[in-house]
Amino acid sequence: MKKITICSWMLLCMLLASPHANASGTGEANWPELSLGDLMKVGIETASRKSQSVSNTAAAVFVISASDIKRSGALSIPEALRLAPGVEVAKVSNNRWAVTIRGFNGRMANKLLVLVDGRSIYSSLYGGVIWEAENIPLEEISRIEVIRGSAGLAWGSNAVNGVVNIITKRAQDTSGWLVDSHAGTSTGKAGLAVRYGMKMEDGSAFRITANDQQRDGGKELNGMDAPDYWNDTSLTFRYDKPVNIDTRWLFTGRVFETKSADPWLIPTFDAAATYNLAQYGTARLVPYISTQNGGDLLGRFEKSTDGGGEVRIQSYIEEYRGSVVGAYDNHTTMDIDAQHRFPLGDAHDIVWGGNYRQSRHRDTMGSTGFLTSSRPDITVSLASIFAQDEWTLIPHRFSFQAGVRIENQTFGGTSPQPSIRMLWTPSERQSFWLAWSKTVRSPSVVNRTIGAYPGAMQPSASVPLPTLIYAAPGEQASFGNEKVHTIEAGHRAQWTPTFYSDLTVYVSHYDGIFDTMSGTSMTTNNPGVAGALGISVDPACTAALTNFGLAAGSPGLCMTMPRGNAESVRTRGIELSTEWNPLPDWRLQVNASRMWLDGGPNNNGVVYGNSPNYQGSIRSSYDITEERHFDLWWRRIGGLSNTGYISGLPGTMPINARTELDLRYSEQVNEALELSLTLQNLLSGNQLQIYPDYMPSLPVVPQRTIYLKALWHVH
């Protein structure tokens, strides 16, 4: 009741303050209005930490505009990221997602760095993004810049396979009132966002937005209702202040609370406690309501200097509290980042700077006994300096970029992350690029210090006693940085005023991927068994077997699997993005990607099997009239060789390829009001998109969704 009241109060204020709804597009930045002929000129800033056009960027880049997000019908950021080629998005449930680029997908995909206005939302505890806690109102987003490939020079560790930078609109572009509401079924159950923005006489501007979203649960594999609902409430603000033509200040902040059901399937030896023996084997269901809340505050200073340079200093603080079964994420993060760009002569453009971040985690362990931790209170620090030079060898034709970032992280130690890139632009409508880079993925707190009991095996011919599996924390094997070397090449061209293409090929070689290592050991709770097998009696094993339901006095075994820098893997791939305007009012966008994986445990391991070998999509946007629009989005995603905690044990459970179809019709009813009807996941075969891999959550089948949306601008 309280959540709805926040939005309702703002809605009432709006109605009282502005009885005449009289304008649409109230200065709203429709960035970029994608005239197909201008795609090569679209500006981005994430690839090299400076503003540059797509045609002058020696990296695989893609920009998702605000208009693209609206016409896609997406209700969350992961759904919107499907617009970019090569981005893998799978629903773990109705409230959780797995998002990655170029493989290694999972609920905590740890090789993708995600930023919001330059603020990292990569969790140093889990290693990945907690997407259900990042419910940014989509109408706040100006654009999403997606960089595929290593970007360690620009952004440091964890930018292994790509960077996603979510850039919000300037407050100057969001003056007036906006109401964004929807109602429907499943993931489109209900949502209401109310925003108010104002411009000041001195040129500064601010906005504040209250947002409340609700989702229903999906279905279990057997068709039963799954308890995975999701409620999210947030309050955000942004303040932009230009001091003069050369100096700017930015302040943003957010407070939020998210509640979602996240029941776990935990192994048990107690047959009477099993939840669904036929479906999930010897596992008991532990109902749990996961809660995340907290807030963040970011400030940024930018100043243009004489001669075309720029100084940027940014700092943020984040307070976060979250929980899952048996563990907590209570942390405070402080970060400061500074950079200076300046030209040197006519040929060099230099960017250098540094970053320091500290995350203090407190009381991360619960009392279920499913997880163990050697250090429930721990502080993770990261410090780095970097410098890069873009050297123009032939003006407007050929440039060379080189640089290195030196970074030190608590677990990973010191690591250099160099990069070399070359760009050839034979004409304004065509460019070729080539790149080599090295980047690292630093261990997370979970990887390094937390162990887990993922499986309980009943007696069998190969193992005559009940056996509990323990995945040891990485610190026991001195787990350190994962390293990747990547070679990429690309070509982009504006072939005609109505056709554009962007092609990338890549090879990445990974060393030291986190996985199970050789050296499995056994202990027991029984002296007789110890003597017979030549192993030791371990009191910790005795306690664990009892905790997982083994009857008192019954002999059992504990199998400990060490984990660390276990695997070397190579990936190869090709990514294609095209845009075509067959008619002035009809836009077609075709994306496709193909990936090959060499090495690793034959695609059967937890890390490797959750990414499809291919993806493809066709998106059609047709303007029936100026006020009526129709969008169709068809996607084909390859199957997964997969991995999950089915039957109470990690195992291989293939998932078939799937086809998805979304439809959207919208009509501008008057200057202020737009209505739209969206249908999502129409071709669903009632199948899983991915198995829970990081945590033993209950597998959930996403359902078809239909929702009606009203977007009302009041100036």
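That block above? That's the structure.
Residues numbered from 1 in each chain as written. Predicted model: local features only at pLDDT ≥ 70, side-chain atom pairs only at ≥ 80, totals over all residues. Heavy atoms only, no water.

Draft legend 1. Fine view of the overall build of the chain. Each helix and strand counted, the chain has eight helices and 39 strands in total. Computed over C-alpha atoms, the radius of gyration of the chain comes to 26 Å, within 12% of the 27 Å expected from 2.2 N^0.38 for 715 residues, which places it in the range of a compact globule. Along the first, second and third principal axes, the C-alpha atoms of the chain reach 80 × 55 × 45 Å. Across the 715 residues in the chain, those meeting the buried criterion constitute 58%. Sequence-distant contacts in the chain: of pairs separated by 6 or more residues, those separated by 24 or more amount to 65%. By element, 60% of the accessible surface of the chain is carried by carbon and sulfur atoms, the whole surface being about 27,000 Å². (Helix = DSSP H or I, 4+ residues; strand = E, 2+ residues; numbered from the N terminus. Rg over C-alpha atoms; globule rule 2.2 N^0.38 Å. Buried < 20%, exposed > 50% of the residue type's maximum accessible area, 1.4 Å probe, protein only. Contact = heavy atoms within 4.5 Å. Areas by Shrake-Rupley, 256 points an atom, 1.4 Å probe, with all protein chains shown as cover.)

Draft legend 2. Here's a closer look at the environment of Gly152. Following the sequence through the fold, Gly152 ends up in helix H4 (residues 152–155). Relative accessible area serves as the criterion here: at 2%, Gly152 is assigned to the buried category. In this structure the C-alpha to C-alpha distance between Gly152 and Leu113, which are 39 residues apart in sequence, comes to 9.8 Å.

Draft legend 3. Inspection of the packing of aromatic side chains at higher detail. Counting across every chain of the model gives 14 aromatic pairs. Their ring planes at 85° and their centres at 6.4 Å tell us that Trp97 and Trp230 sit as a pair that is edge-to-face. Taken as a pair, Trp97 in strand E5 (residues 97–101) and Trp230 in strand E13 (residues 230–242) lie far apart in primary sequence, 133 residues in all. Note on accessibility: Trp97 and Trp230 belong to one class, buried. Each residue in the set Tyr239, Trp249, Phe251 and Phe301 is aromatic and connected to the rest through ring pairs, giving one cluster. (Phe/Tyr/Trp six-rings, centres within 6.5 Å; stacked < 30°, edge-to-face > 60°.)

Draft legend 4. Looking closely at the state of the cysteines. Using the criterion set out here, one finds one disulfide in the structure. With its sulfur 2.1 Å from that of its partner, Cys541 forms a disulfide with Cys558. Residues Cys541 and Cys558 are joined through a disulfide that is right-handed, its torsion about the S-S bond being 90°. Linking Cys541 in helix H8 (residues 539–547) with Cys558 in strand E32 (residues 557–561), this pair joins segments that are 17 residues apart in sequence. Taken as a pair, Cys541 and Cys558 share a single burial class, namely buried. (Disulfide = S-S within 2.5 Å.)

Draft legend 5. A look at the nonpolar core. Judged by nonpolar contacts, the single largest core of 36 residues is most densely connected at Tyr126 and Leu468. Elements supplying a minimum of two residues to this core: strand E15 (264–267), strand E18 (309–324), strand E22 (378–394), helix H6 (445–449), strand E26 (450–457), strand E27 (467–471) and H8. Top element by residues in this core is E26. It accounts for four residues. Contact partners of Tyr126, with chain neighbours within four places excluded, come to Met108, Val324, Asp329, Ser444, Val446, Tyr694 and Met695. With 28 residues, the next largest nonpolar core counts Phe62, Leu112, Ile144 and Val164 among its residues. (Core = buried A, V, L, I, M, F, W, Y, C linked by side-chain atoms within 4.5 Å.)

Draft legend 6. Representation of the pattern of salt bridges in the model. By the definition in use, this model includes 51 salt bridges. Between Glu140 and Arg195 there is a salt bridge, with its nearest N and O atoms 3.2 Å apart. Placement of Glu140 in the loop between strand E7 (119–120) and strand E8 (141–148) and of Arg195 in strand E11 (residues 190–199) is noted, with a sequence separation of 55 residues between them. With a relative accessible area of 5%, Glu140 lands in the buried category. (Salt bridge = Lys/Arg side-chain N within 4 Å of Asp/Glu carboxyl O.)

Draft legend 7. Structural view of the pairing of strand E24 (residues 413–427). The sheet contact formed by strand E23 (residues 398–409) and E24 spans twelve bridges and is antiparallel. Following the sheet pairing, Val404 is matched in E24 by Pro418. The antiparallel pairing of E23 with E24 creates a hairpin that spans three residues between the two strands. Two elements, E24 and strand E25 (residues 430–441), share seven bridges in a ladder whose sense is antiparallel. (Pairing = 2+ DSSP bridges.)

Draft legend 8. Representation of empty space enclosed by the protein. Under the defined criterion, the tally for this structure stands at 15 cavities of 30 Å³ or more. Considered as a void within the structure, the largest cavity measures approximately 390 Å³ in volume. Ser120, Tyr122, Ser123, Ser124 and Ser359 are, among the 27 residues lining the largest cavity, the residues nearest its centre. If you list the elements that add at least two residues to the lining of the largest cavity, you get strand E14 (247–261), E18, strand E19 (327–344), strand E20 (348–362) and E22. Among the residues forming the lining of the largest cavity, the class breakdown is ten nonpolar, twelve polar and five charged. (1 Å grid on protein atoms, 1.4 Å probe; cavity = no way out; pocket = protein on both sides within 12 Å on 5 of 7 lines; lining within 4 Å. Points joined across faces, edges and corners; volume = space filled by probe spheres on them. Nonpolar A, V, L, I, M, F, W, Y, C, P; charged D, E, K, R; others polar.)

Draft legend 9. A look at the environment of Trp436. Considering the arrangement of structural elements, one finds Trp436 in strand E25. As for Trp436 and Ile394, which are separated by 42 residues in sequence, their C-alpha atoms are 21 Å apart. With residues up to four places along the chain from it excluded, the contact list for Trp436 reads Pro418, Ser419, Ile420, His485, Thr486 and Ile487.

Draft legend 10. Region of interest: the sheet that holds strand E3 (residues 60–65). If you trace the five strands from one edge of the open sheet to the other, you get E3-E8-E9-E6-E7, paired in mixed fashion. Single-partner strands in this sheet number two, and they are E3 and E7.

Draft legend 11. The arrangement of the environment of Arg300 in detail. Within the fold, Arg300 resides in strand E17 (residues 289–305). By relative accessible area, Arg300 is classed as buried at 11%. Along the chain, Arg300 and Thr252 lie 48 residues apart, while their C-alpha atoms are 9.0 Å from each other. From its side chain, Arg300 meets the backbone oxygen of Asp117 in a polar contact 2.8 Å long. (Polar contact = N/O pair within 3.5 Å; in protein donor to acceptor, adjacent residues only side chain to side chain.)

Draft legend 12. Molecular detail of a nonpolar patch on the surface. Residues Phe237, Val243, Trp249, Phe251, Leu297, Ile317 and Met334 make up a contiguous nonpolar surface patch of about 600 Å² in total accessible area. Mapped onto the secondary structure, Phe237 falls in strand E13. Residue classification places Phe237 among the partly exposed positions, given a relative accessible area of 35%. (Patch = residues over 30% accessible without salt bridge, like charges linked within 9 Å, V, L, I, M, F, W, Y side chains within 5 Å.)

Draft legend 13. A look at unusual backbone geometry. At Arg49, a position not held by glycine, the phi torsion is positive, near 60°. Relative to the elements of secondary structure, Arg49 occurs in the loop between strand E1 (43–44) and strand E2 (52–53). Taking relative accessible area as the criterion, Arg49 reaches 4% and is therefore assigned buried. Phi at Arg102 is positive, roughly 60°, even though this residue is not glycine.

Draft legend 14. Broad picture of the side chain of Ser204. One can find Ser204 in the loop between E11 and strand E12 (205–215). Judged by its relative accessible area of 1%, Ser204 is buried. Side-chain polar atoms of Ser204 contact the side chain of Asp202, separated by 2.6 Å. Aside from chain neighbours lying at most four places away, what touches Ser204 is Gln172, Met198, Lys199, Tyr239, Asp240, Lys241 and Pro242.

Draft legend 15. Examining H8 more closely. When H8 is considered as a whole, its buried residues turn out to be Cys541, Ala544 and Leu545. Viewed along the axis of H8, the buried residues span an arc of 100°, placing them on a single side of the element. Every exposed residue of H8 that faces more than 90 degrees away from the buried side is listed here: Pro539 and Thr546. Contacts from the buried residues of H8 go to E26, E27, strand E30 (521–524) and E32. Its side-chain oxygen at 3.0 Å from the backbone nitrogen of Ala540, Asp538 defines the N-terminal cap of H8. Of the residues flanking the end of H8, it is Gly549, one or two places downstream, whose phi is positive at about 95°. (Arc of directions from axis to C-beta.)

Interpretation note: all reported values are geometric properties and have no functional meaning in isolation.
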